[in-house]
Amino acid sequence: MAYEDPTTVVSTSWLAAHLRDPDMRVLDASWYLPDARRDPMAEYRAAHIPGARFFDIDEIADTECGLPHMVPPSEKFASRVRSMGIGDGHQVVVYDGAGLFSAARVWWLFRLMGFRDVAILDGGFPKWRAEGRPVEDLPPVAKARHVTVRRQEHLVKTAAQVRTALLEGSAQIVDARSPARFRGEEPEPRPGLRAGHIPGSLNLFFGSLLNGDGTLRSRPELKSAFAEAGVSLGRPVISTCGSGVTAAIIDLALELLGHGRHAVYDGSWSEWGADPNSDIETG
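Throughout, a residue's number is its position along its own chain's written sequence, starting from 1. For this predicted model, a pLDDT threshold of at least 70 governs which residues receive local features, and a threshold of 80 or more governs which side-chain atom pairs are given and counted, while totals over whole chains, interfaces and linings are taken from all residues. Water and hydrogen atoms play no part in the side-chain values, which are based on all heavy atoms of the structure.

(A) Focus on the sheet that holds strand β8 (residues 172–175). Spatial ordering of the open sheet is given by β7-β11-β10-β8-β9, a layout of 5 strands whose pairing is parallel. Each edge of the open sheet is held by one strand with a lone partner, namely β7 (156–157) and β9 (202–203). Strand pairing is assigned whenever DSSP detects at least two bridges linking the two strands. Strands are runs of DSSP state E lasting at least 2 residues, helices are runs of H or I lasting at least 4, and numbering of each runs from the N terminus. As judged from the 3 bridges shared by strand β10 (residues 237–240) and strand β11 (residues 262–265), these two strands associate in the parallel manner. Counterpart to Ser 239 in the pairing with β11 is Val 264.

(B) Fine view of the environment of Ile 238. Of note, Ile 238 is situated in strand β10. A 1.4 Å probe rolled over the protein chains alone gives each residue an accessible area, and that area as a share of the maximum for its type sets the label: buried under 20%, exposed over 50%, partly exposed in between. A residue is classified by how much of its surface remains accessible, and Ile 238, at 4% relative accessible area, is buried. Separated by 150 residues in the primary sequence, Ile 238 and Asp 88 place their C-alpha atoms 29 Å from one another. Other than its neighbours up to four places away in sequence, Ile 238 contacts Lys 157, Val 162, Ala 165, Ala 171, Gln 172, Ile 173, Val 174, Ala 263, Val 264 and Tyr 265. The criterion used for residue contact is that any of the two residues' heavy atoms lie within 4.5 Å.

(C) Broad picture of the sheet that holds strand β4 (residues 53–54). The strand order across the open sheet built from 6 strands is β1-β2-β6-β5-β3-β4, with neighbouring strands paired in mixed fashion. Two strands bound the open sheet, and with one partner strand each, they are β1 (4–5) and β4. With 3 bridges connecting them, strand β5 (residues 91–95) and strand β6 (residues 118–121) associate as parallel partners. For Val 94, the partnering residue across the bridge sits in β6 and is Ile 120. Across the sheet, helix α4 (residues 103–112) touches β3 (24–28), β5 and β6, and the angle it forms with β6 is around 175°. Axis angles are defined between N-to-C directions and span 0 to 180 degrees, where every axis is a line fitted to C-alpha atoms and, for a helix, only to the segment in contact.

(D) How the structure looks around helix α8 (residues 219–228). Looking at α8, one finds that the buried residues are Leu 222, Ala 225 and Phe 226. End-on, the buried residues of α8 take up no more than an arc of 95°, which puts them together on one face. Along α8, the residues that are exposed and aim more than 90 degrees away from the buried face are Pro 220, Lys 223, Ala 227 and Glu 228. Looking at the packing, one finds that the buried side of α8 touches α9 (247–256). Count one or two residues on from α8 and you reach Gly 230, which has phi positive near 85°. Directions from the helix axis toward the C-beta atoms define the arc.

(E) Highlighting empty space enclosed by the protein. Points on a 1 Å grid over protein atoms alone make up a cavity when a 1.4 Å probe fits among them but cannot get out, and a pocket when they form an open set with protein on both sides within 12 Å along at least five of seven lines; lining residues each have an atom within 4 Å of a point. Grid points are joined across faces, edges and corners, and a volume is the space filled by probe spheres set on the points. The final tally for this structure, using the stated rule, is 1 cavity of 30 Å³ or more. Of the volumes computed, that of the largest cavity is approximately 40 Å³. Together, Phe 55, Ile 57, Ile 60, His 69, Met 70, Pro 72, Arg 105, Val 106 and Leu 109 line the largest cavity. Under the scheme applied, nonpolar residues are Ala, Val, Leu, Ile, Met, Phe, Trp, Tyr, Cys and Pro; charged residues are Asp, Glu, Lys and Arg; polar residues are all the others, including Gly. Looking at the lining of the largest cavity residue by residue, the classes come out as 7 nonpolar, 1 polar and 1 charged.

(F) Representation of the state of the cysteines within the structure. Our working definition of a disulfide is a cysteine sulfur pair at a distance within 2.5 Å. This structure, assessed with the given rule, holds 0 disulfides. Between Cys 65, a free cysteine, and Cys 241, which holds the nearest cysteine sulfur, the sulfur-to-sulfur gap is 14 Å. Cys 65 gets classed as partly exposed once you look at its relative accessible area, which sits at 36%.

(G) Spatial organisation of the pairing of β11. Both faces of β11 are covered, namely the face carrying His 262 and Val 264 and the face carrying Ala 263 and Tyr 265. Inspection of the sheet shows β7 paired to β11 by 2 bridges, in the parallel sense. Across the sheet, residue Val 156 finds its bridge partner in β11, namely Val 264. By convention, orient the strands away from the viewer: a clockwise path from the first strand over the helix to the second makes the crossover right-handed. Handedness of the β-α-β unit built from β10, α9 and β11 comes out right-handed.

(H) Local environment of the pattern of salt bridges. Should a side-chain nitrogen of Lys or Arg be within 4 Å of a carboxyl oxygen of Asp or Glu, the pair is scored as a salt bridge. For the structure on display, the rule yields 15 salt bridges. With a shortest N-O distance of 3.0 Å, Arg 111 and Glu 255 are connected by a salt bridge. Linking Arg 111 in helix α4 with Glu 255 in helix α9, this pair joins segments that are 144 residues apart in sequence. Look at Arg 111 and you get buried, because its relative accessible area is 8%.

(I) Quick look at the pairing of β6. As defined by bridge partners, strand β2 (residues 9–10) adjoins β6 across 2 bridges and the pair is classed as parallel. Across the sheet, the residue bridging to Val 10 is Leu 121, located in β6. This β-α-β element, β5 to α4 to β6, shows right-handed connectivity.

(J) View of the nonpolar core. As used here, the term nonpolar core means buried Ala, Val, Leu, Ile, Met, Phe, Trp, Tyr and Cys residues forming a set that is joined through side-chain atoms within 4.5 Å. In this structure, Phe 55, Trp 108 and Phe 110 are the most contacted members of the largest nonpolar core, which totals 57 residues. Taken together, the elements giving at least two residues each to this core come down to α3 (74–83), β5, α4, β6, α8 and α9. Not counting residues within four places of it along the chain, the set of residues in contact with Phe 55 comprises Leu 27, Asp 28, Ala 29, Ile 60, Phe 77, Val 81, Met 84, Val 106, Leu 109 and Phe 110. One finds Met 24, Ala 47, Phe 54 and Trp 128 within the second-largest nonpolar core, a separate group that totals 17 residues.

Put into C-alpha cells, the structure is as follows:
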C-alpha cells in the first residue's frame, strides 16, 4: 500500500497528480558518500523532476564547525530557502537520486525548522524515471517568499546530550550504519575516524527499512525491523549514523509508526569517532 501523507511520505503517483499545484515545491536533495563517485549537481543539471530546485546539504549547513553538513543557523536556512522560492504555506516534497538516502536528512531539517507540510518522495528519482514520468534539465525561475522559522530544538541532539542520555538511560541510541561499520570491522569512509560505535547503542541498518527499489517498507515491516534490532517503540530514541544523513531515515520510520519522541544526533560518528575523549565499542 502506497504512502500518501504530505507530512511524511508521498508516492510518485501522488506527486504527479499535484506537481502543478501553485503551492507545490519540489527539492532534489541528492548527496552521496565520496566512494560513490557521483556528482549530484551535475546529475540535477542533466535531468530532474519538473520544477525541482537543488538543495545542497553541504552548503545549506553550518560551514564553520568543521563537521560535514551540520544544521545551519536558522537565518541561513531561511535565507537559502527563501531564495529558492520556498516559504510559508508551501507543500514541499523532497527526493534524491538513490531512492531514499539523503532526502530524509532534508525532510528532517525542514521539520527542525518548524515546517510541517514536507514529505519525502517514496522511491525518489529512480522510481520516478522508471515509471517514465517527465523530467527537465532547466532550473525553475524562483520568486522569493516570506519564510517563518520556528526551530524545534527537541528534534536535534548534541554529543553532550547523547552522553547524558546514556548515563541516565533516558533514551535509546540507534545507529543507522551498516553492521560491519557498527562493529568496527569495516573502515569508515571518512579519514581520521576510529572504527566502532557509541557504547550502549543499538544497530538498525537504514537499508533494512527499505525495499529493493528504494521505497519504504510497510508499517508492519518497519515495526518488525525495530523489534529485531532490540529497539523499544515505547521509549525515546536518538538516532545516529556517519554524519547525520541516514539517521534521519530512522526518524522518518519512527514518525510513520506514530513514535513522537525521536531526535537526530547531528554530529553522529563524524564527531564522536574523531574525538579521542569519546569512548567507543567494537564487536
